Amino acid sequence: MAVIAGVVGCFMAGMNVHVTNASLPDVRGSLGASFEEGSWITTAYLVAEIVVIPMTGWLVSVFSMRRVLMVGTSGFVLFSLACSMAPNIDTMIVARALQGAFGGVLIPLSFQIIVTELPRSKHPFGMALFAVANNVAQATGPALGGWLTEAYNWRWIFYLQIPPGLLLLAAIGWSTPRTRPVLSRIREGDWGGIIAMAVGLSALQIMLEEGGRKDWFASSFIVNAGIAAVLGLIGFVVIELRRKQPFINLRLLGRYNFGLASLMQFTFGAVVFGVVFLVPNYFAEGHGYNAKQIGLTMIPYGLVQLVMSFAAPKLMQWTSVRVIIMLGFVIMATGCLMNIHLDSDAAANVIVPSLVVRGIGQSFIVVALGVMAVDELEKSEIGSASGLFSTVRNVGGAIGIAIASQIVVEREKLHAQRIGEAVNPFSAEFRERMIAMVRLLSHEQIDRATALNGAAAASLRERALGLMERLVHHEALLLAYSDAFLIAGVAMLLCGGGCLLLKGGKNLSPKEPAQ
């Protein structure tokens, strides 16, 4: 029951990262917010979450698992209600930040409960539950958010989280044991490291989230955020490596398998978050999909992960953990490479099959890589390990989203320039296309002029040139998205090759005795 409760909490927290993405225009309009203000609805949540995740292991050692889960869930429910009732954008941003802070403990604690409370032979099944919570949440977030916004109102996105949150509180209260807090550890706490980590990670997250909107280092705000991120993270690493009892044990990254698995987790997080960011934007920009349509296209992505996450443990028994990790990266790379030739006809008929393929690979990676990472760790090290493993994925995800958006922007400019070089009045193809457009527009103008009783219309040639320009930029945009998927596929292939360096990872028999 404790494992299931942790998984439900992980699902709720993970879904909230993406649940507002498809509904942001409606939320901004309802609260009277600008585009930049609306972007902080997501940024505030991510900043608070990424700061709290590494602290979870230390919080548990001070206050106990039960108290951290109860307080985290209670705060999450309370501030979900505050988000649903937010009267203005300022209240919404504060409520989202606090929602992310309280929900941030739920993801690493789910991982920690699985590893510490289940025997080693049951770790694959536990990781399958964890994979469902993480992966399906990413697909469910945009789909559920878009559907609720279209069918009812964006506020229902947050209303819907209150009933399962209350049930989660009841499950935690019934299933987790009571233990005494060790409050003396507060005085002995690694406060220098905590402050340096909070400054560094929050500044990094803000820089990555806001960089694209503020033209990166052309903005003094982004420059200052970058400096704060570098100084904060360097200070954090120095402090943690010098302390005998750091609040998060960075030395675990020196363990061969855990360090290599964490590097793969970082890259995997960058690709997964980047793809989840790219797909809705591709449908909206490339094909004019609305929030509901975007949400519906993500449903197969979630369903296949729900099924394949539970197939992964059985496959690990038949082969080995390392083979399943490698297979997962290769399958995910294949799904990304299916999207490297996007064109005007490549809508749901192309993207949805590739999403299904990526979903299969993603399920294998989350289940098997988690098992491999903690295989040789002591039980006392799991708290720090779960925080670290979740943090590297989220940091990778933040960097992945920033890189993906920048690739699309820069490659679109390049492709538009190259296509534009071929679009000139000396090209026979260009002249033929212009003649066809002018003829088409002349018929429309005649009809419109009749309807408007002879009202003047714009020059047919100017209108045709404007249409041609839009076609050039649309084609450049599709090529830019193709480039982004190509880079993601290559990154996954490199991770697949890196699996050959992992040690151990033999198949896990269901009869294996518990540790």
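We now turn to the structure provided with this report. Note that this is a predicted model, so its numbers are computed, not measured.

Conventions adopted
- Residues numbered from 1 in each chain as written.
- Predicted model: local features only at pLDDT ≥ 70, side-chain atom pairs only at ≥ 80, totals over all residues.
- Heavy atoms only, no water.
- Core = buried A, V, L, I, M, F, W, Y, C linked by side-chain atoms within 4.5 Å.
- Buried < 20%, exposed > 50% of the residue type's maximum accessible area, 1.4 Å probe, protein only.
- Contact = heavy atoms within 4.5 Å.
- 1 Å grid on protein atoms, 1.4 Å probe; cavity = no way out; pocket = protein on both sides within 12 Å on 5 of 7 lines; lining within 4 Å.
- Points joined across faces, edges and corners; volume = space filled by probe spheres on them.
- Helix = DSSP H or I, 4+ residues; strand = E, 2+ residues; numbered from the N terminus.
- Nonpolar A, V, L, I, M, F, W, Y, C, P; charged D, E, K, R; others polar.

## Focus: the nonpolar core
It is characteristic of soluble globular proteins that their nonpolar side chains tend to be buried jointly.
Okay, so step 1: Counting residues in each nonpolar core, the largest one holds 123 residues, and the members touching the most others are Ile325 and Phe329.
Okay, so step 2: Those residues in contact with Ile325 that lie beyond four places of it in its chain are Ile365, Ala368, Leu369, Met372, Cys499 and Leu502.
Okay, so step 3: Grouped together as the second largest cluster of nonpolar side chains are 19 residues, Leu24, Ile41, Ala86 and Ile89 included.

## Let's talk about the layout of surface pockets
Okay, so step 1: In this structure, the second largest pocket encloses a volume near 490 Å³.
Okay, so step 2: As for the second largest pocket, its lining consists of 19 residues, of which Trp58, Ser61, Arg185, Pro246 and Phe247 are closest to the centre.
Okay, so step 3: Those elements that provide at least two residues to the lining of the second largest pocket are α4 (56-63) and α19 (382-422).
Okay, so step 4: It is α4 that contributes the most residues to the lining of the second largest pocket, four residues altogether.
Okay, so step 5: When its residues are assigned to classes, the lining of the second largest pocket shows four nonpolar, nine polar and six charged.

## What about the environment of Leu486?
Okay, so step 1: Here Leu486 shows up in helix α21 (residues 460-498).
Okay, so step 2: In this structure the C-alpha to C-alpha distance between Leu486 and Asn339, which are 147 residues apart in sequence, comes to 7.6 Å.
Okay, so step 3: Non-local contacts of Leu486, meaning those with residues more than four positions away in its chain, are made with Leu337 and Ile340.

## Remarks on unusual backbone geometry
Okay, so step 1: The phi dihedral of Ser64 falls on the positive side, at around 95°, and the residue is not glycine.
Okay, so step 2: Relative to the helices and strands, Ser64 is located in the loop between α4 and α5 (65-84).
Okay, so step 3: Judged by its relative accessible area of 5%, Ser64 is buried.

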